[in-house]
Every structure is written in C-alpha cells, then in structure tokens.
Amino acid sequence: MPNLVVVGTQWGDEGKGKIVDILARDADVVVRFQGGSNAGHTVVTDRGTFVFHLIPSGILYRGKLCVIGNGVVVDPAALIEEMDRLEAKGVKIGKNFAISQRAHLILPYHKAIEKAAEQSKGSRRIGTTGRGIGPSYADKMARIGIRAGDLLNPPLFRAKLEENLGEINTFLERLYQVKGFHVEKVFQEYMGYAERLKGQIVETSLLLNRAIDRGQSVLFEGAQGTHLDVDFGTYPYVTSSSAAAGGAATGTGVGPTKLERVMGVAKAYTTRVGSGPFPTELTDEIGCGLQERGKEFGSTTGRPRRCGWFDGVLLRYATRVNGLSSLAVTKLDVLDGCKELKLCTGYRYGGALYKEMPADLQVLSECQPQYEVMSGWTAATTGVTTYKNLPVQAKRYLQRIEELVGCRIDMISTGSKRSETIILRSPFAPSRARSKS
Ligand code: IMP
C-alpha cells in the first residue's frame, strides 16, 4: 500500500477526521504534520464519539503507530488531557504513540501574547482559536522556540525559558499591560508534563522512514485546510502552518518523493470559522439551514461556522497547490431537500472574470461569485452506501464538481458514521491527478 497525504481543500472542518479514520484501517502508521490543538477531528464509531485535537485518530485501531511530527506545535497540557480522555474510554496509548523531539511546544506565554494581540487588533483580528498556535510558530521561525526534546533536558529547558521570559515579560507588561510569567512556576509545570511524556518523545523521522523502508504504508493526516495554509491561504486570515500537502514532507522528515498520493477532502458546500473573505457565504436562511442541518459549530471552540455554496475556484486551486490525486466529498446529505444548488465557477471583480484564485485579498473580499444553478434533490441521501442509490441530481452535482475542479472523486460521505460512506475507489489506487491547470 502506498503512502497517502490527506488534506483539507477549503477552510478546515471538511470532515477529514472521518475520512482519515476510514483510511487508517489500511495504513500502518498515521502521522500529523502541522497545526496543533487548534484542530478538532470528530470520529464516530460503535464505541462512541471521539474528538481529537492533537493525537492522530488512527489511535482507535490496534497495532497502528500514531505520530506527532516535527511540524506540529504541541501544548503538553492539552495533549495529556486528550490522552487521559482516550484512556478513560479504553483506548490504549503506549508504544503506539510517538512525538517528534523536534516538535515545538506551546507555552503559557504564547496564549497570553495571542490573546493580547487579537484584542488590540479590533476589527482586523484573525479570529484565532486562542490556542497559542501563531506565537509558537513565530518563536520557531525567530529561532527562540522550545522543543519537545528540550523537556528531556531540564537545565537546557530552564535556560531557554529564562532567556525567553526575560524578554517576553517586558513585552507583555509594557506593551499590553498584561502580567508576566514566573520562570520557576512554568518550569515546574512543564517538568510535570515531561515526566508523563518522556517515553513518547523520540526521533520520529527515523521511525517513519524505517517503516516506509520495511514496506509499511504511512497516512499523513492534515489539519485545517488549504485556504488556511500560511502560504497558499487567504493571508493574513490563515493559520500559521503549512496545511497544504507540501507540509507533509517538512512536517515529518519524510522526503517528497515518498509521499506518493494526495487526497483532498471537500465538503459538498463551504464553511469557514473566524474572520476573512468568503465569496460564496450565505447570510440568509439558506445559510442558516446549512448551519443547522450540518451542525456547523466548531469542535474546538464551539463557534458557529459561516456557511455558503460550493466554490469551484477554491477547489480548483486546492487541486493545483496540493497536486491532488483524488477527492473525498463529505456531508452530501446536508444538501438533501435543497430545491436548487449553486456552484461557484468564477469571481467577477472590476469588470474582470477570475477563473483562478486571486492572491489579492481585496478582490476576494469584494468580488461577486459567478454561479451555475443546478437542481437539488428531495430524497434522503443520509446513510446511502452505493453510488447507484444516489438521486440522479446528486450524481450530476458530483460529476459537475469533478469537471470544475479537475479531480476525480474517490469517496463520498453521507453521514457521520464510518458506515455512511460510498467508496468508489481506494485513494491508495494508482492514478495521476486530472488537474486542468
Ligand atoms: P489559529 O490557527 O488558532 O491561529 O487561527 C487562525 C485561523 O484559522 C482562524 O480563522 C481559525 O478559526 C482558523 N482555524 C484554525 N484551526 C482550525 C480548524 O481546525 N478548523 C477550522 N478553522 C480553523
């Protein structure tokens, strides 16, 4: 079985958790490569509903190695809480779970900086999840980050913390009038985490490459989505990591030649949490209906998600920048009962028609989406497991998505349970992307 990267193609919350959970059955190793506890992957199994923030959902299967790669930023408190919750539900976490020694840590001051910075931005705030993600990645790039491996070397950890807090406390107190942090208190707190996590912190690039050399297959689990990627997303309204497929290489220490296939997950409509442009957003009762039927509330923050029509321009771009080999379309059943459906095929702005994703945020914020209108369907698709049992209008809708996006659909999700899925073809199967770009 080849290696497969799974990424979100919109603004996150595409239902990657369920898709990764299904695909994990056929993989030997599952690895997260970016983001942190800002992510929220929901998986519904016979044993109940599980929400994952950091640990790859593959942990639900016995015998799979689950890895947090170097590209992830780890909040040890959040991680331990997640481990405890899983263990309380009978999930075993031991040798099947590894954390990269190169993964950067989230420290209490990262959350304080983020909170103060967001507040001071007023209407220009990003609408972050408040998990300290951006400041932790900023420290990584500024070369003052503290890594998971540093937890194993207390004197080094302490020295780095002391040096950082010397500067950060002044910054917090003088610029934001926020109380600083005590070195000793933070040190003791993190040494407690070190005690719990020390058996898990290892050289994961070696682990992953050795597994590949043995012929095992690795599933790379993306978080957030392409349009939240720090390079390819709607900057600055993005997260601070590489959520697109390229991040799978830099975020794990597995070379790009070994990534092999990339599956993009797309909701049958579009959602977004937080601020930033959203050309196909619906602020009317149709949008409210999607939000209600799709239970569109963030699994990390509980915030309502903004909802809108499917955007072919977003997806076409995601096909290109990720080199998608196939797509999984989720939440098709949420569209049941819609009389008509709209698909965005381009953006109109200043007399021009944009068929490709503009980088200019002003264009994206002020453009008028150009729509194609299709008939909806009245029959329920919830729980449908074969393509032939879908209403003809749903098949036409999906075919049109494939054409617009230039990528084949391998999986269709028709409900939250594992069984409520149509698998047209294994995404591990060989086939080149049909990108039209
Ligand atoms: P941050 O990742 O907390 O810095 O937030 C930056 C932006 O990414 C905000 O708009 C968040 O709402 C959004 N975001 C971060 N993680 C997720 C996610 O898992 N799903 C959807 N949106 C997310």
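Our subject is the structure listed above.
Quick caveat, the model's predicted, so the values are computed rather than measured.

All right, on to the overall build of the chain then. In terms of helices and strands, the chain carries 12 helices and 20 strands. For the chain, the C-alpha radius of gyration of 22 Å lies close to 22 Å, the compact-globule estimate for 437 residues. C-alpha extents for the chain along the principal axes are approximately 65 × 50 × 40 Å. Taken over 437 residues, the chain has a buried fraction of 57%. Contacts in the chain between residues far apart in sequence, at least 24 positions, make up 76% of those at least 6 positions apart.

On to helix α3 (residues 108-121). Between its first and last C-alpha, α3 extends 21 Å over 14 residues, near the 20 Å set by a 1.5 Å rise per residue. Those residues of α3 not exposed but buried are P108, Y109, H110, A112, I113, E114, A116, A117 and E118. Tucked inside the fold, the buried residues of α3 contact β8 (104-105), α4 (133-141), α5 (154-176) and α6 (183-197).

Another aspect to go through is the site of the ligand. For the ligand, the set of nearby residues contains 15 residues, the closest of which are D13, N38, T129, T239 and R303. The separation between an oxygen atom of the ligand and a polar main-chain atom of G127 is 3.4 Å. For the ligand, an oxygen atom lies 2.6 Å from a polar atom in the side chain of T239. Protein burial of the ligand: of its 460 Å² of free accessible surface, 96% is covered by the chains. Its residues placed into classes, the shell around the ligand shows 6 nonpolar, 7 polar and 2 charged.

Summarising burial for strand β19 (residues 409-413): 5 of the 5 residues are buried, a large majority. One ladder, built from 3 bridges, connects β19 with strand β20 (residues 421-423); its direction is antiparallel. Considered in β20, the bridge of M411 is made with I423.

What follows deals with the packing of aromatic side chains. Throughout the structure, instances matching the rule amount to 7 aromatic pairs. When the centroid spacing of 6.3 Å and the interplanar angle of 20° are considered together, the rings of F50 and F52 count as stacked. Judged by its relative accessible area of 1%, F52 falls in the buried class. Ring pairs connect the aromatic residues F157, F187, Y190 and Y193, which therefore count as one cluster. A cation sits over an aromatic face here: K64 above Y61, 5.8 Å from the ring centre. Just above the ring of F50 sits the side chain of K89; from NZ or CZ to the centre is 4.5 Å.

Take unusual backbone geometry next. At the junction of Y235 and P236, the peptide bond is cis and its omega measures out at 10° in the coordinates. Along the chain, the position of P236 falls in the loop between β10 (218-221) and α8 (247-250). At Q177, a position not held by glycine, the phi torsion is positive, near 55°. Tracing the backbone shows Q177 in the loop between α5 and α6. A relative accessible area of 62% means that Q177 is categorised as exposed.

By secondary structure assignment, the location of V202 is in strand β9 (residues 201-202). Residue classification places V202 among the partly exposed residues on the basis of a relative accessible area of 29%. Note: C-alpha distance between V202 and A148 (54 residues apart in sequence) is 9.1 Å. Dropping the residues within four chain positions of it, V202 is found in contact with A98, I99, S100, Q101 and L207.

With that out of the way, let us pick up the packing of α3 against α4. The description of two helices packed together rests on the angle between their axes and the distance between the axes. Across the interface, α3 lies against α4 with an axial gap of 7 Å and an inter-helix angle of 115°. Regarding the angle of α3 to α4, the classification is roughly perpendicular. In terms of crossing hand, the pair formed by α3 and α4 is right-handed. Facing Y109, H110, I113 and E114 of α3, the residues of α4 in contact are I133, P135, S136 and D139. Residues belonging to the contact of α3 with α4 are distributed by class as follows: 4 nonpolar, 2 polar and 2 charged.

What the 10 strands build is an open sheet, ordered β9-β7-β5-β2-β10-β1-β11-β15-β19-β20; its pairing is mixed. Two strands bound the open sheet, and with one partner strand each, they are β9 and β20. Sheet topology note: the strand β11 (residues 261-267)/strand β15 (residues 326-330) ladder contains 5 bridges and is parallel. Note that in β15 the partner of A266 across the bridge is V329.

Mapped onto the elements, P277 comes out in the loop between β12 (270-272) and α9 (285-293). As a C-alpha pair, P277 and T234 span 43 residues in sequence and 7.4 Å in three-dimensional space. In this structure P277 touches W11, T234, Y237, R272, R306, L361, L364 and S365, once residues within four positions along its chain are discounted.

Every other side chain in a regular strand lies on the same face of the sheet, so the side chains alternate between the two faces. Buried residues dominate strand β3 (residues 41-45), accounting for 4 of its 5 residues. Note: β3 against strand β4 (residues 48-52), 5 bridges, orientation antiparallel. Its bridge partner being in β4, H41 is matched across the sheet by F52. Linking two consecutive strands that pair antiparallel, namely β3 and β4, is a turn of 2 residues.

How each quantity is defined
- Residues numbered from 1 in each chain as written.
- Predicted model: local features only at pLDDT ≥ 70, side-chain atom pairs only at ≥ 80, totals over all residues.
- Heavy atoms only, no water.
- Helix = DSSP H or I, 4+ residues; strand = E, 2+ residues; numbered from the N terminus.
- Rg over C-alpha atoms; globule rule 2.2 N^0.38 Å.
- Buried < 20%, exposed > 50% of the residue type's maximum accessible area, 1.4 Å probe, protein only.
- Contact = heavy atoms within 4.5 Å.
- Expected span 1.5 Å × (residues − 1).
- Near = heavy atom within 4 Å.
- Polar contact = N/O pair within 3.5 Å; in protein donor to acceptor, adjacent residues only side chain to side chain.
- Areas by Shrake-Rupley, 256 points an atom, 1.4 Å probe, with all protein chains shown as cover.
- Nonpolar A, V, L, I, M, F, W, Y, C, P; charged D, E, K, R; others polar.
- Pairing = 2+ DSSP bridges.
- Phe/Tyr/Trp six-rings, centres within 6.5 Å; stacked < 30°, edge-to-face > 60°.
- Lys NZ or Arg CZ within 6 Å of the ring centre and 35° of its normal.
- Axes fitted to C-alpha atoms, helices over the stretch in contact; angles between N-to-C directions.
- Parallel < 35°, antiparallel > 145°, perpendicular 65-115°, else oblique.
- Left-handed = near helix turned anticlockwise from the far one by under 90°.

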